[in-house]
Amino acid sequence: MTQNPLTTVFDAQRTAIEQHQALTHDALEAQKAAFDAFTTGLETSESFIEGNAELSKGLVHATFDALEASMPEGSADLEELRVAVDDGFEAATEAQLESLEALVEAVEESSVAYDEFAEEYAAVVDDSVENALEAHDQFADNVEEVSISIEEAADEFDVSA
């Protein structure tokens with residue numbers, strides 16, 4: 001392509017289109033990474049749930065121990081209450097873990113669906129950009145041809161004058 005006043009404009013347009021394509025791909029990859037990070041965060045929550053339950057249960061047992069120690073020996077048997085507390089914490093922890101597992105599964109399924117969408121969307125963007133660049137190049141070539149024709153006509157006009 002010869003240099004004419006519009007060459008710089010066409011080059012800038014091409015660069016902008018290519019940068020837009022790259023930014024679109026980067027945004028899709030960033031969203032994929034966000035899904036992965038969120039899933040990883042949820043998966044690590046399991047140990048926090050279990051640890052929190054054990055800590056809370058330990059605090060309740062310590063309270064019972066302090067209560068028993070402050071009462072005359074044999075006056076209170078809190079064993080049934082301890083078993084009930086243990087059962088309650090076990091049930092609550094199990095319910096939380098099941099909910100967490102369902103949430104992780106839902107996020108993983110959403111991540112897979114997003115990956116499929118992103119792949120298809122990226123393909124559409126790539127095809128669209130390719131078509132736009134082809135049209136852009138054709139237009140630039142046409143402008144160059146017109147520019148050359150105008151220059152030649154101007155030269156002929158100057159010669160004949």
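Residues numbered from 1 in each chain as written. Predicted model: local features only at pLDDT ≥ 70, side-chain atom pairs only at ≥ 80, totals over all residues. Heavy atoms only, no water.

Attention now goes to a negative patch on the surface. On the surface, Glu-43, Glu-46, Glu-50, Asp-87, Glu-90, Glu-94, Glu-98, Glu-101, Glu-105, Glu-108 and Glu-109 cluster together into a patch of negative charge. If you list the elements that add at least two residues to the negative patch, you get α1 (7–70) and α2 (79–160). With eight residues, α2 is the single largest residue contributor to the negative patch. Tracing the backbone through its elements, the reader meets Glu-101 in helix α2. (Patch = residues over 30% accessible without salt bridge, like charges linked within 9 Å, V, L, I, M, F, W, Y side chains within 5 Å. Areas by Shrake-Rupley, 256 points an atom, 1.4 Å probe, with all protein chains shown as cover. Salt bridge = Lys/Arg side-chain N within 4 Å of Asp/Glu carboxyl O. Lys, Arg positive; Asp, Glu negative; His and termini not counted. Charge placed at Lys NZ, Arg CZ, Asp CG, Glu CD. Helix = DSSP H or I, 4+ residues; strand = E, 2+ residues; numbered from the N terminus.)

A few words on the nonpolar core. By size, the foremost hydrophobic cluster in this structure holds ten residues: Leu-28, Phe-35, Leu-42, Ile-49, Leu-100, Val-104, Val-107, Tyr-114, Ala-118 and Ala-122. Breaking this core down by element, the ones donating at least two residues are α1 and α2. It is α2 that provides the largest number of residues to this core, a total of six residues. (Core = buried A, V, L, I, M, F, W, Y, C linked by side-chain atoms within 4.5 Å. Buried < 20%, exposed > 50% of the residue type's maximum accessible area, 1.4 Å probe, protein only.)

Along the chain, Leu-55 turns up in helix α1. Given a relative accessible area of 54%, Leu-55 falls into the exposed group. A sequence separation of 23 residues divides Leu-55 from Lys-32, and the C-alpha atoms of the two residues are 35 Å apart.

Now for α1. The terminal C-alpha atoms of α1, which comprises 64 residues, lie 91 Å apart, in line with the 94 Å expected from a rise of 1.5 Å per residue. Maximum bend of α1: about 25 degrees, positioned at Glu-46. (Expected span 1.5 Å × (residues − 1). Bend = angle between axes of the 7 residues up to and from the residue.)

Quick look at the pattern of salt bridges now. Within this structure, the stated rule accounts for six salt bridges. We note a salt bridge from Lys-32 to Glu-29, for which the minimum N-O separation is 3.4 Å. Note that Lys-32 and Glu-29 are positioned in helix α1 at a spacing of three residues, about one turn of the helix. On the basis of relative accessible area, Lys-32 is assigned to the partly exposed category, the value being 21%. Exposure remark for Glu-29: the relative accessible area of 47% places this residue in the partly exposed category. The network of salt bridges with shared partners includes Arg-14, Glu-18 and Asp-137.

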